[in-house]
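Structural overview
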Amino acid sequence: MATSHYANPGSALRAARRGNPRNLPCPTCKQPNRLTPADVRRGYQCDACADREEGAGDGRPG
Ligand SMILES: [Zn+2]
């Protein structure tokens, strides 16, 4: 299992790294510095919003 491929365990967000800084706002909650350019290209939102959507939605895991 790779150690730091993702920003956090359970997160789909890409880890910030050189050339991919976490300096863009989340499109959902508008919080600054939530996403990297790679995240935005994939249409991701921040972990908090993703959790809300996945967890509090219909209750289905995954
Ligand atoms: Zn968000």
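Presented here is a report on the structure given in the accompanying data block. As the structure is a computational prediction, the values presented were derived from the model and not from experiment.

1. With respect to the overall build of the protein chain
From N to C terminus, the protein chain includes two helices and zero strands. Expressed as a percentage of its 62 residues, the buried residues of the protein chain come to 15%. Sequence-distant contacts, at least 24 apart, represent 16% of the contacts inside the protein chain between residues at least 6 apart.

2. Digging into the nonpolar core
Counting five residues, the largest nonpolar core is built from Leu 13, Cys 26, Leu 35, Tyr 44 and Cys 46. Filtering out sequence-adjacent residues up to four positions away, Cys 26 remains in contact with Gln 31, Arg 34, Leu 35, Gln 45, Cys 46 and Cys 49.

3. Brief notes about the environment of Gly 19
With respect to the helices and strands, Gly 19 occurs in the segment before helix 1 (37–41). Placed 17 residues apart in sequence, Gly 19 and Thr 36 show a C-alpha to C-alpha distance of 9.4 Å.

4. Some words on the environment of Pro 32
Within the fold, Pro 32 resides in the segment before helix 1. Given 10 C-beta atoms within a 10 Å radius, Pro 32 is considered exposed. Note: C-alpha distance between Pro 32 and Arg 22 (ten residues apart in sequence) is 9.1 Å.

5. Considering unusual backbone geometry
Positive phi, close to 65°, is recorded for Lys 30, a residue that is not glycine. Position of Lys 30 relative to the elements: it lies in the segment before helix 1. The class of Lys 30 is exposed, set by 9 C-beta atoms lying within 10 Å. With a phi angle near 60°, Asn 33 is a residue other than glycine that sits in the positive phi range. Here Asn 33 shows up in the segment before helix 1.

6. Quick word on the environment of Leu 24
Its location among the elements puts Leu 24 in the segment before helix 1. Considered as a pair, Leu 24 and Leu 35 are eleven residues apart in the sequence and their alpha carbons are 5.0 Å apart. The residues touching Leu 24, leaving out its near neighbours within four places in the chain, are Arg 34, Leu 35, Thr 36, Pro 37 and Val 40.

What counts and what doesn't
- Residues numbered from 1 in each chain as written.
- Predicted model: local features only at pLDDT ≥ 70, side-chain atom pairs only at ≥ 80, totals over all residues.
- Helix = DSSP H or I, 4+ residues; strand = E, 2+ residues; numbered from the N terminus.
- Buried ≥ 20, exposed ≤ 12 C-beta atoms within 10 Å, placed from the backbone.
- Contact = placed C-beta atoms within 7 Å.
- Core = buried A, V, L, I, M, F, W, Y, C linked by C-beta atoms within 7 Å.

Remember, this is a structural readout, not a statement about activity or role.
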